[in-house]
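# Topology and contacts: notes
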There are 2 protein chains.
Amino acid sequence: MSPTMRRLDAREAEFLSTLDALLAFEAEADERIDAAVSEILRAVRTTGDAAVIEYTRRFDHLEVSSMAALELPHAELKAALDSLSVEQREALRIAADRVRQYHERQKIASWSYQEADGSVLGQQVTALDRVGLYVPGGRASYPSSVLMNAVPAKVAGVGELIMVVPTPRGEKNPLVLAAAAIAGVDRVFTIGGAQAVAALAYGTQTIPQVDKIVGPGNAYVAEAKRRVFGTVGIDMVAGPSEVLIISDGSGNPDWVAMDLFAQAEHDELAQSILLCTDAAFIDAVAAAVERLLPTMPRREIIARSLANRGALIHVDSLEQACAIANRIAPEHLELSLETPEPWVEKIRHAGAIFVGHHSVEALGDYCAGPNHVLPTMRSARFSSPLGVYDFQKRTSIVNISDAGAQTLGRVASILAHGEGLQAHARSAEMRLKS
Amino acid sequence: MSPTMRRLDAREAEFLSTLDALLAFEAEADERIDAAVSEILRAVRTTGDAAVIEYTRRFDHLEVSSMAALELPHAELKAALDSLSVEQREALRIAADRVRQYHERQKIASWSYQEADGSVLGQQVTALDRVGLYVPGGRASYPSSVLMNAVPAKVAGVGELIMVVPTPRGEKNPLVLAAAAIAGVDRVFTIGGAQAVAALAYGTQTIPQVDKIVGPGNAYVAEAKRRVFGTVGIDMVAGPSEVLIISDGSGNPDWVAMDLFAQAEHDELAQSILLCTDAAFIDAVAAAVERLLPTMPRREIIARSLANRGALIHVDSLEQACAIANRIAPEHLELSLETPEPWVEKIRHAGAIFVGHHSVEALGDYCAGPNHVLPTMRSARFSSPLGVYDFQKRTSIVNISDAGAQTLGRVASILAHGEGLQAHARSAEMRLKS
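Everything quoted here is computed from the prediction, not taken from an experiment.

Regarding its fold elements, chain A presents 17 helices and 15 strands. Its C-alpha atoms put chain A at 85 × 60 × 45 Å along the principal axes. The buried share among the 434 residues of chain A stands at 61%. The contacts in chain A between residues at least 6 apart in sequence include a share of 75% that link residues at least 24 apart. For chain A, the separation between the mean place of its 41 positive charges and that of its 54 negative charges on side chains is 6 Å.

If you want it as structure tokens, here you go:
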């Protein structure tokens, strides 16, 4: 039997092109999905509730006569929370509290300063009025995602948070509803797919228009979000999840193998890569992978993910490992090092850095505090974890004194004439006194 | 002759639907542009420099044998700066300095905190490595836009800022090149259109791949940016520019008329709206519009913009005006009021608020300090002015102590089992001691 994971050596001539090929991933454009989503958006935009009810009947096999029947009362969220085991309820509460505490530190505040001539400049920071949170139904329905999206919105001070979650044939996930209760979600509709995105983006007779839509979804949801962007804000459209582990051989090979599995178990497109300076340790991790894999309930998904997109890579040095990490710009980076701290600031591009052997990604996924919605597919080069700042926005404040208008007006006039915009120039000149 | 601007009354029954119709704007999808852009992106991605050179020959009528000939040496930027009048050079310098001073206050910093068990959580903030700045050629080639995009990037600490600007038939705009010199742009290529966006997004043999592309452009550029989003970051795709003026009748009607013109002169889709509590003042503004319009060099554009998209609206009260402003979420809002300050915080959604009679928008467009790249088409509901924060990104830091892994590991394990992710659970459990 061939080993589960490929082995690469960063010192080989072809290494960088092999790595780039391994990283390459493009969501295929699917014309069938495009056309279906386009039609659904048009129908919901035109006929509102009626279209949402009809699509929910067709796709989720739920028959209702009015949108009101698709709204979950608060009592039902509370009941879901009460139905959990004490252990689960406490775990959700601890996670929510820690996520809240961490995100409180992300709030941005208004600021301003006064100039010598009395002019005041600054930015006024406000929360979004209303946000929509998409939660997938079925297999990928995660209560942790509800917390990670809802808590930052509430910390930001969003006025109303509306969750949508499909419940095919009426099947509800009590953990998801309990998480909504804990996170303080304001309203919940049991709708999903492109029709739910459309309802939130355009508003219907029953569902109010939101200002931004966040949360993960399938290809239909992703395409719908892409299309309504501009009408409302959206979060990033996420790609497959990724982990990169940098090891100096100081850790426990079983821990490393299990951390690779934890990424790979999401789905077969997930990517798990190890960069290690120690060839013998790589051998030990490879052996642990083979030994532990058969014990995993999701071993088939894990095996496919590791075989197709995983790699164990021997590197010359930790400097080389960091250079490769910055090229990969991974969603999750574990620094599985004896003395990890000095290496943190060498990492310029990563969604989250897990520092040291005890900072396993799973803690960050659930309860360490930082958000688990992170930039994928090299987008950590230019974007950030989901945060409170994604639910706040800034307005520039320009309060120019009479004296300030005299000096600035002359500068603006010269520049406006240079651009051939005479009304700009004259509107500034009109405020001049001489 | 019919008056240039329509008059509306916010107390009429049909007012809100009339307003919504006036605000409605959708960039038409153009299949010809889509197809052309798709082909250009493919060609540049596949053949790099050769495709860029060929498109530049075809669209900009510039014949060169190598990409090197399309790069402007620094000496040429310096020469453009030296060629300006002292007055223009000083105006550009003052504007750049003021924009820099204001934006210095926007820098976000890394932060972290330690918990009782020794765990450290935080965010590490870094600048983008490399940014592309698109500058249009021809009519809409504005040196002020170079400053407004380039200065925040440099303040953020972006490593390399690469500007692209088409120079059809070799025609260069010395003000634009001078602004690039003042702003500290690192490299300039005289290329434009979708081919320039593609070169920046994918990289070519000569042009390095960037991490984000900012700056305005025509429909081809906008479509190209939309398509490369994900491979690189982009700024917002801007719609027509807008101003909303709220007046209590205390100002000078000529100033208000000229401020409406300054918006309208951009192009005929630009939108200029006045909300005023004083009917007599509205009459005076309407008369000023008719009187001043013939004196404006760009009167034809202004007249079309005001006739098609402008309005003078009588409102009951300033409270009503603020409610309407929050519905419009204008790019620019002027509070043309005797005592404007108390009203600033009633405005929840606007790109920039210009406070009081002397805070004319033109000052903000050029030299007050705040950015003139602002959210349009109601997107101030969920987005912010361009700023230093758009050229920085955050990485979560998760440094969990041995003790922290004991408490958090139990919570993570419970939640991971609840989600059916056993490898997540076991990777946390492996760190437990008992």
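Next comes the rest of the account.
Right, let's talk about the nonpolar core for a bit. Judged by nonpolar contacts, the single largest core of 67 residues is most densely connected at Leu 92 and Met 163 of chain B. In contact with Met 163 of chain B, not counting residues within four places along its chain, are Leu 133, Val 135, Val 146, Val 176, Leu 177, Ala 180, Val 185, Arg 187, Val 188 and Phe 189 of chain B. Counting 66 residues, the second largest nonpolar core, distinct from the first, contains Leu 84, Val 131 and Val 151 of chain A together with Leu 408 of chain B.

Here we take up the sheet that holds strand E7 (residues 187–189) of chain B. Residue and element names in this part refer to chain B. As summarised here, the arrangement of the six strands in space is E2-E7-E6-E5-E8-E9, forming an open sheet in which the pairing is mixed. Two strands bound the open sheet, and with one partner strand each, they are strand E2 (71–72) and strand E9 (233–234). Pairing of strand E8 (residues 212–214) with E9 involves two bridges; the strand directions are parallel. Paired with Lys 212 across the bridge in E9 is Gly 233. Contacts from helix H9 (residues 219–228) reach strand E5 (130–134), E8 and E9, with the element oriented near 160° to E8.

Our focus in this paragraph is the packing of helix H4 (residues 74–83) of chain B against helix H7 (residues 174–183) of chain B. Residue and element names in this part refer to chain B. Packing of H4 against H7 leaves a shortest axis separation of 7 Å and a crossing angle of 115°. When the interaxial angle is binned, H4 and H7 end up roughly perpendicular. By crossing handedness, the relation of H4 to H7 is classed as left-handed. Across from Leu 77, Lys 78, Ala 80, Leu 81 and Ser 83 in H4, the residues of H7 making contact are Pro 174, Leu 177, Ala 178, Ala 180, Ala 181 and Ile 182.

Another point: the sheet that holds strand E6 (residues 160–164) of chain A. Residue and element names in this part refer to chain A. Pairing in this open sheet of six strands is mixed, and the strands run E2-E7-E6-E5-E8-E9 from one edge to the other. The sheet is open, and its two borders are formed by strand E2 (71–72) and strand E9 (233–234), each paired with just one other strand. The sheet contact formed by strand E5 (residues 130–134) and E6 spans five bridges and is parallel. Bridged to Arg 130 within E6 is Glu 160. Packing against the sheet, helix H9 (residues 219–228) makes contact with E5, strand E8 (212–214) and E9, and its axis sits at approximately 160° to E8.

Residue and element names in this part refer to chain A. Here the domain parsing of chain A yields domain 1 (6–25 + 239–368), domain 2 (31–234) and domain 3 (400–429). Each of domain 1 and domain 2 has a C-alpha centre, and these two points are 32 Å apart. Every contact between the two is made by seven residues of domain 1 and, on the other side, seven residues of domain 2. Buried surface at the junction of domain 1 and domain 2, both sides included, amounts to about 540 Å², of which 49% is carbon and sulfur. On the domain 1 side of the contact with domain 2, Tyr 366, Cys 367 and Ala 368 bury the most area, a combined 60% of that side's loss. The interface formed by domain 1 and domain 2 contains zero salt bridges. If you look at where domain 1 meets domain 2, you find two residue pairs in polar contact (both at pLDDT 80 or more). At three residues, helix H15 (residues 361–366) tops the list of elements feeding residues into the side of domain 1 that touches domain 2.

One pass over the structure, following the stated rule, counts eight aromatic pairs over all chains. Between Tyr 102 of chain A and Trp 111 of chain B, the ring centres sit 5.1 Å apart and the planes meet at 45°, which makes this aromatic pair tilted. With one member in each of two chains, Tyr 102 of chain A in helix H5 (residues 86–104) and Trp 111 of chain B in strand E3 (residues 111–114) form a pair that bridges those chains. Here the aromatic rings of Tyr 113 of chain A and Tyr 102 of chain B are separated by 6.4 Å at their centres, their planes lie at 45°, and the arrangement is tilted.

Before going further, it helps to examine helix H17 (residues 422–429) of chain A. Residues of H17 of chain A that are buried: Ala 423, His 424, Ala 425, Ser 427 and Ala 428 of chain A. Buried residues belonging to H17 of chain A abut helix H16 (402–418) of chain A together with helix H10 (253–264) and helix H15 (361–366) of chain B.

Here we come to the relation of the copies chain B and chain A. In screw terms, the move from chain B to chain A is a rotation of 180° and a rise of 0.0 Å along the axis, fitting with an RMSD of 0.0 Å. Such a combination of rotation and displacement between the chain copies is what one expects of a two-fold axis. Here 99% of the contact residues of chain B are again contact residues in chain A; the copies associate through an equivalent surface.

All right, on to the pairing of strand E4 (residues 120–127) of chain A then. Residues and elements named next belong to chain A. Along E4, seven of the eight residues are buried, which leaves the element largely enclosed by surrounding structure. In this structure, strand E3 (residues 111–114) lies alongside E4, joined through four bridges in antiparallel fashion. Residue Tyr 113 lies in a different strand from E4, and its bridge partner there is Leu 121.

With that settled, the discussion passes to the pattern of salt bridges. Inspection of the entire model under this criterion finds 52 salt bridges over all chains. Two residues, Asp 235 of chain A and Lys 225 of chain A, come together in a salt bridge whose shortest N-O distance is 2.6 Å. With Asp 235 of chain A in the loop between E9 and strand E10 (242–247) and Lys 225 of chain A in helix H9, this residue pair connects regions lying 10 residues apart in the sequence. Of the charged contacts, one joins Glu 54 of chain B and Arg 58 of chain B as a salt bridge, the two residues approaching to 3.5 Å between their closest N and O atoms. Within this pair, Glu 54 of chain B and its partner Arg 58 of chain B are both found in helix H3 (residues 49–60), separated by four residues, close to a single helical turn. Take Glu 54 of chain B: its relative accessible area is 29%, and that puts it in the partly exposed class. On the basis of relative accessible area, Arg 58 of chain B is assigned to the partly exposed category, the value being 44%. When salt bridges that share partners are traced, they join Asp 9, Arg 11 and Asp 316 of chain A into one network.

What counts, and where the lines are drawn
Position labels on residues start from 1 in each chain and follow its written sequence. To read the labels, note that chains go from A and ligands from 1, taken in the order they are written. Note on the predicted model: pLDDT of at least 70 is required for a residue's local features to be given, and 80 or more for side-chain atom pairs to be given and counted; whole-chain, interface and lining totals, by contrast, use all residues. As a rule here, side-chain values cover all heavy atoms of the structure and leave hydrogens and water aside. Note on conventions: DSSP H or I runs of at least 4 residues are helices, E runs of at least 2 residues are strands, and numbering of each starts at the N terminus. Under the scheme applied here, a residue whose accessible area is under 20% of the maximum for its type counts as buried, over 50% as exposed, and between as partly exposed, the area being computed with a 1.4 Å probe on protein chains only. Residue contacts follow a heavy-atom distance rule, with two residues in contact if any of their heavy atoms lie within 4.5 Å. Only four residue types enter the charge count: Lys and Arg as positive, Asp and Glu as negative, with His and the chain ends excluded. Where a charge lies is defined by one atom per residue type: Lys uses NZ, Arg uses CZ, Asp uses CG and Glu uses CD. Put simply, buried Ala, Val, Leu, Ile, Met, Phe, Trp, Tyr and Cys residues joined by side-chain atoms within 4.5 Å make one nonpolar core. A pair of strands is labelled paired if DSSP reports no fewer than 2 bridges between them. As a rule, the C-alpha atoms of each element are fitted with a line to give its axis, helices using only the stretch in contact, and angles between N-to-C directions run from 0 to 180 degrees. An angle below 35 degrees is treated as roughly parallel, one above 145 as roughly antiparallel, one from 65 to 115 as roughly perpendicular, and anything else as oblique. The sense of a crossing depends on the near helix, which, turned anticlockwise from the far helix by less than a right angle, makes the crossing left-handed and, turned clockwise, makes it right-handed. The split of the chain into domains comes from an automatic or database domain assignment. The term buried area means the drop in 1.4 Å probe accessible area that two parts suffer when joined, counted for both and summed. Each salt bridge in this description consists of a side-chain nitrogen of Lys or Arg and a carboxyl oxygen of Asp or Glu lying within 4 Å of one another. Nitrogen and oxygen atoms within 3.5 Å of one another constitute a polar contact, given that in protein one can donate a hydrogen and the other can accept it, and given that sequence-neighbouring residues count only through two side-chain atoms. By convention, a stacked pair of Phe, Tyr or Trp rings (six-membered ring in the case of Trp) has centres within 6.5 Å and planes under 30 degrees apart, an edge-to-face pair has planes over 60 apart, and any other such pair is tilted. Least squares is used to superpose the copies, and the fit set is the C-alpha atoms of residues whose pLDDT is at least 70 in both copies.

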